[in-house]
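Fold and contact review
If you want the building blocks of each chain, they are given just below.
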Amino acid sequence: MSELFVYTTPLDPLARPLVEELSYEYESRYGDFYEREGGPREMEKYPAELFSPPEGGNFVLLLRDGVAIGGGAFKRHPDPGTAEVKRVWTHSAERRQGLARRVVQELEAQALRQGYTRIYLTTGFRQPEAVALYLGHGYTALFDRSAPEGTYRSLPFEKTLVPTSSAFAAAVLEPLARAA
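A brief look at the structure comes next. (Residues numbered from 1 in each chain as written. Predicted model: local features only at pLDDT ≥ 70, side-chain atom pairs only at ≥ 80, totals over all residues. Heavy atoms only, no water.)

Right, let's talk about the packing of helix 3 (residues 99-113) against helix 4 (residues 128-136) for a bit. The interhelical angle for the contact between helix 3 and helix 4, taken along N-to-C directions, is 55°, at an axis separation of 11 Å. Comparing their axes, helix 4 and helix 3 come out oblique. Crossing of helix 3 over helix 4 shows right-handed handedness. For the pair helix 3 and helix 4, contact is made by Ala100, Arg101 and Val104 and by Leu133, Tyr134 and Gly136, respectively. Class assignment for the residues of the contact of helix 3 with helix 4 results in four nonpolar, one polar and one charged. (Axes fitted to C-alpha atoms, helices over the stretch in contact; angles between N-to-C directions. Helix = DSSP H or I, 4+ residues; strand = E, 2+ residues; numbered from the N terminus. Parallel < 35°, antiparallel > 145°, perpendicular 65-115°, else oblique. Left-handed = near helix turned anticlockwise from the far one by under 90°. Contact = heavy atoms within 4.5 Å. Nonpolar A, V, L, I, M, F, W, Y, C, P; charged D, E, K, R; others polar.)

Here the focus is unusual backbone geometry. Even without a glycine there, the phi angle at Arg87 is positive, about 60°. If you check the backbone angles, Arg96 has positive phi at about 70° while not being a glycine. Residue position: Arg96 is located in the loop between strand 4 (82-90) and helix 3.

A few words now on the sheet that holds strand 1 (residues 3-7). Taken in spatial order, the seven strands line up as 1-2-3-4-5-7-6 in an open sheet, and their pairing is mixed. Two strands bound the open sheet, and with one partner strand each, they are strand 1 and strand 6 (140-141). Helix 3 contacts strand 1, strand 2 (58-64), strand 3 (67-76), strand 4, strand 5 (118-124) and strand 7 (154-160) of the sheet and is inclined by roughly 40° relative to strand 3. (Pairing = 2+ DSSP bridges.)

Below, the discussion takes up the nonpolar core. Counting residues in each nonpolar core, the largest one holds 26 residues, and the members touching the most others are Val88, Ile119, Tyr134 and Phe157. Every element with two or more residues in this core is listed here: strand 2, strand 3, strand 4, helix 3, strand 5, helix 4 and strand 7. What Tyr134 contacts, discounting residues up to four positions off in sequence, is Val88, Val104, Leu121, Thr123, Tyr139 and Phe157. Of all hydrophobic cores here, the second largest spans ten residues; its members include Leu22, Phe51, Leu63 and Ala68. (Core = buried A, V, L, I, M, F, W, Y, C linked by side-chain atoms within 4.5 Å. Buried < 20%, exposed > 50% of the residue type's maximum accessible area, 1.4 Å probe, protein only.)

What follows concerns the layout of surface pockets. Looking at the second largest pocket, its volume works out to about 260 Å³. If you trace the second largest pocket, you find 15 residues lining it, with Phe125, Val131, Phe143, Glu149 and Leu155 closest to the centre. Along the lines of polarity and charge, the residues of the lining of the second largest pocket split into nine nonpolar, three polar and three charged. (1 Å grid on protein atoms, 1.4 Å probe; cavity = no way out; pocket = protein on both sides within 12 Å on 5 of 7 lines; lining within 4 Å. Points joined across faces, edges and corners; volume = space filled by probe spheres on them.)

In an α-helix, one full turn covers 3.6 residues, which means residues spaced three or four apart are oriented alike. The set of residues buried in helix 4 consists of Ala130, Val131, Leu133 and Tyr134. End-on view of helix 4: buried residues confined to an arc of 160°, all on one side of the axis. (Arc of directions from axis to C-beta.)

In this model, helix 3 (15 residues) spans 21 Å end to end at C-alpha, consistent with the 21 Å of a helix rising 1.5 Å per residue. Among all positions in helix 3, only Leu99, Val103, Val104, Glu106, Leu107, Glu108, Ala109, Gln110, Ala111 and Leu112 are buried. Immediately beyond the C-terminal end of helix 3, within one or two residues, lies Gly115, with a positive phi of roughly 95°. (Expected span 1.5 Å × (residues − 1).)

Quick look at the side chain of Asp12 now. Within the secondary structure layout, Asp12 lies in the loop between strand 1 and helix 1 (16-30). Within the buried set, Asp12 has no salt-bridge partner at all; the shortest N-O distance to an opposite charge, 8.8 Å, is to Arg16. (Lys, Arg positive; Asp, Glu negative; His and termini not counted. Salt bridge = Lys/Arg side-chain N within 4 Å of Asp/Glu carboxyl O.)

Right, let's get into the packing of aromatic side chains. Throughout the structure, instances matching the rule amount to six aromatic pairs. Seen from their ring centres, Tyr134 and Phe157 are 5.8 Å apart, and the 50° between their planes marks the pair as tilted. Of this pair, Tyr134 sits in helix 4 while Phe157 sits in strand 7, placing them 23 residues apart in sequence. Comparing Tyr134 with Phe157, the two get one shared label, buried. (Phe/Tyr/Trp six-rings, centres within 6.5 Å; stacked < 30°, edge-to-face > 60°.)

Burial analysis of strand 2 places seven of its seven residues in the buried class, which makes it a mostly covered element. Residues Asn58, Val60, Leu62 and Arg64 line one face of strand 2 and the alternating positions Phe59, Leu61 and Leu63 line the opposite face, and both faces are buried. Relative to strand 3, strand 2 runs antiparallel, the two being bridged by seven bridges. By the bridge assignment, Leu61 is partnered in strand 3 with Gly71. The antiparallel pairing of strand 2 with strand 3 creates a hairpin that spans two residues between the two strands, and Asp65 there sits at a positive phi of about 50°.

Structure (structure tokens):
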């Protein structure tokens, strides 16, 4: 079994299962909730270009034997030095293997490589798995966690990116070694 991260675009045919299943996931959890509130559906909010390096973003797929089993993206946030993580996803048949954690770690390493020092993200109020993932991975909740469920529609988190020796090696030394 071969696994690797591939940086690409949400428009890549390899990403189609990710985009389709993530769209279904959002629809099944939220239906037309946000549309009723006057906003676009989640998967229609951001053009693919925002997740490209020229725009300050990136989009990664985790492939297993050539098939996308997870992925995620980040885009430039208005706050200087901040990347905003979006679209972290694990294929429904591949969950409970730590794949989302690996995707988040890869996105953090790539954000460091692109010069970011902070990650910001939001998740929806109907995604307790995502809340647990981010809290378990060192993110700080920017909302009152003691408030009753459903108080907030959007749950923001942040994390300062500090290169550790392994993160530094992954973000800086390994790309330099490959380029040599």
